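# Commentary on secondary and tertiary structure
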Amino acid sequence: TLGQLGFSIPKTRSSVPGDRSAQGSWMLKPRRSGGGHGTRVWRRNQPLPRTHYLQERVAGPPASILFAADGQQAVVLGVSRQIVGDTRLGARGFRYCGSLLGPAGILFPGQRKLMEVVGRLASAVTKEFGVRGLNGIDFIAKDADPYPIEVNPRYSASMELLERAGAMSIFQVHEQACGGILPSSRIESEGVHGKAIVFARKHVVMGDTREWLDDTSVADIPHPRETIRRGHPICTVFASGSDADSCYERLVSRAAAVYQVTESGGRSAA
């Protein structure tokens, strides 16, 4: 649908391509999955099960459009850059492990026309599919041209950053949009706000995590004495900065503090 409307889209297919030079240019993606779990690069002669499909591999940073809609019109609330497969956060491959929310000029330098196309893309999805409330579109930012790879007609992972950036209730925005009342404009963020999901690097047994509840930079806190297996999320950490690099480094620093605590049996989270 979006291709027919003139947007750039990745090719998608349910059969193996016949071109022998196609190796490495396709992603093998599960039909039923989330957060990049199970996504990997397709290799030549690799079978394509019915539970998966192929999507063209597009070079560029992964990102998300966050918008509110009333079924006919859309208002972009913000744009986030995704953190994917980051080993410093215990992730690998194409696993989603966080987001950075801020001005598009900071998150995507040199892609000045990106927000213009992002707005048209959100409007097109709304008109074509009648979505309401909060919605998200995952895309790859390539030369100021967003290649949509997934439409999420729901609250998505980076939306809690809108609350931290704008000191407002994102659920209230959702409720009002479902009733036909859209916000007047997108949320203007000063600097960059970020979140990171900290994945366990090995099997860990949590200590007393009750003190973590007083730390506003940590969320999704596990229960005391809870066992978390390698590759599973421990918690979420938050940070902010004047630019994307400083925000990211603070997230990594807080993740390192979580690892220090969980892997050594300490008490304080970050």
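This report concerns the structure included in the present document. (Residues numbered from 1 in each chain as written. Predicted model: local features only at pLDDT ≥ 70, side-chain atom pairs only at ≥ 80, totals over all residues. Heavy atoms only, no water.)

### Regarding the sheet that holds strand S3 (residues 40-41)
Within the open sheet, the four strands sit side by side as S1-S4-S2-S3. Their pairing is antiparallel. Two strands in the sheet have a free side with no partner beyond their single neighbour: strand S1 (12-13) and S3. (Pairing = 2+ DSSP bridges. Helix = DSSP H or I, 4+ residues; strand = E, 2+ residues; numbered from the N terminus.)

### Re helix H5 (residues 244-264)
In this model H5 runs 30 Å from its N-terminal to its C-terminal C-alpha over 21 residues, within 8% of the 30 Å that 1.5 Å per residue would give. Of the residues making up H5, those classed as buried are Ala244, Cys247, Tyr248, Leu251, Val252, Ala255, Ala257, Val258, Tyr259, Val261 and Thr262. If you follow the buried residues of H5, they end up packed against strand S6 (74-84), strand S7 (96-101), helix H1 (104-107), strand S10 (192-199), strand S11 (204-205) and strand S14 (233-241). Where H5 begins, one side-chain oxygen reaches toward the backbone nitrogen of Asp245, 3.3 Å away; that side chain belongs to Asp243. (Expected span 1.5 Å × (residues − 1). Buried < 20%, exposed > 50% of the residue type's maximum accessible area, 1.4 Å probe, protein only. Contact = heavy atoms within 4.5 Å. Polar contact = N/O pair within 3.5 Å; in protein donor to acceptor, adjacent residues only side chain to side chain.)

### Section: the pattern of salt bridges
With the rule as written, the count across this model stands at four salt bridges. Note that Lys195 and Glu160 form a salt bridge whose closest N and O atoms lie 2.6 Å from each other. Of this pair, Lys195 sits in strand S10 while Glu160 sits in helix H3 (residues 160-166); the two residues are 35 residues apart in sequence, bridging distant segments of the chain. Residue Lys195 is classed as buried on the basis of its relative accessible area, which comes to 5%. (Salt bridge = Lys/Arg side-chain N within 4 Å of Asp/Glu carboxyl O.)

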